[in-house]
Amino acid sequence: MTARPETQRRRAGRTAIGRAHGRHRTFLIATCVALVLAAISDEATGYDGPGPFICVAFALVVALIPWRFTPLLATVMSALFLYGGLASSEFVGKLIHPNQVLDFTAGWVQMGSFVAVAVFSVASVGYARRAVPSHS
C-alpha cells in the first residue's frame, strides 16, 4: 500500500527542500552536497575532531528546517571552519606542502567546499520566496 500523491506532497512540503522550487531548491541541494563533501574530506585527513559530524548536522538542518534564513547558519559555520583551518599552522602546512597527496587534496577540497557552502547558502536565501501575507 503506497501513500497517495497528495500525502507525499504534504510530507515533502514540511522540509525546506520539499517547499523550495526552482533555483532556490537547487541552491539548497548544492549547499547540502557541499557540506557532505566537506565532511568526507575532513574525515579523509584522519583528523579526530567533530568536524564531519558538524557538517552533516548542518546539512540536515539546511535540508529540513523550512525557515528562509536557515542556510545562513551554514554560512557562519563554514566561515568559522575556514578561519579555524587557516589559523592552524599545521593545516596550512598541509595546504602548502603536498608531502602527503591525500591530506593535500582533502584539505583543498574541504576549503573549496566551505567556500561553496557560503556561496550556495547565501544564494539560496536570495532566491527564497518571500512570505506573502494573506488577506483573509
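For the structure itself, consult the block above.
Criteria and cut-off values
- Residues numbered from 1 in each chain as written.
- Predicted model: local features only at pLDDT ≥ 70, side-chain atom pairs only at ≥ 80, totals over all residues.
- Heavy atoms only, no water.
- Helix = DSSP H or I, 4+ residues; strand = E, 2+ residues; numbered from the N terminus.
- Contact = heavy atoms within 4.5 Å.
- Buried < 20%, exposed > 50% of the residue type's maximum accessible area, 1.4 Å probe, protein only.
- Polar contact = N/O pair within 3.5 Å; in protein donor to acceptor, adjacent residues only side chain to side chain.
- Patch = residues over 30% accessible without salt bridge, like charges linked within 9 Å, V, L, I, M, F, W, Y side chains within 5 Å.
- Areas by Shrake-Rupley, 256 points an atom, 1.4 Å probe, with all protein chains shown as cover.
- Salt bridge = Lys/Arg side-chain N within 4 Å of Asp/Glu carboxyl O.

### Details of the environment of D103
Tracing the backbone through its elements, the reader meets D103 in helix α7 (residues 101-127). Sequence separation between D103 and G46 is 57 residues; the distance between their C-alpha atoms is 8.6 Å. For D103, the contacting residues outside a window of four places in its chain are T45 and K94.

### Section: the environment of S124
Mapped onto the elements, S124 comes out in helix α7. Classification of S124 by relative accessible area gives buried; the value is 0%. Sequence separation of S124 and T26 is 98 residues, and the distance between their C-alpha atoms is 8.0 Å. At a separation of 2.8 Å, a polar atom in the side chain of S124 contacts the main-chain carbonyl oxygen of S121.

### Examining a nonpolar patch on the surface
Among the surface-exposed residues, V56, L60, L64, I65, W67, F69, L72 and V122 lie close enough to one another that they form a single nonpolar patch of about 710 Å² accessible area. Looking at which element gives the most residues to the nonpolar patch, the answer is helix α4 (residues 51-64), with three residues. Assignment of secondary structure puts W67 in the loop between α4 and α5 (71-87). Residue W67 is classed as exposed on the basis of its relative accessible area, which comes to 54%.

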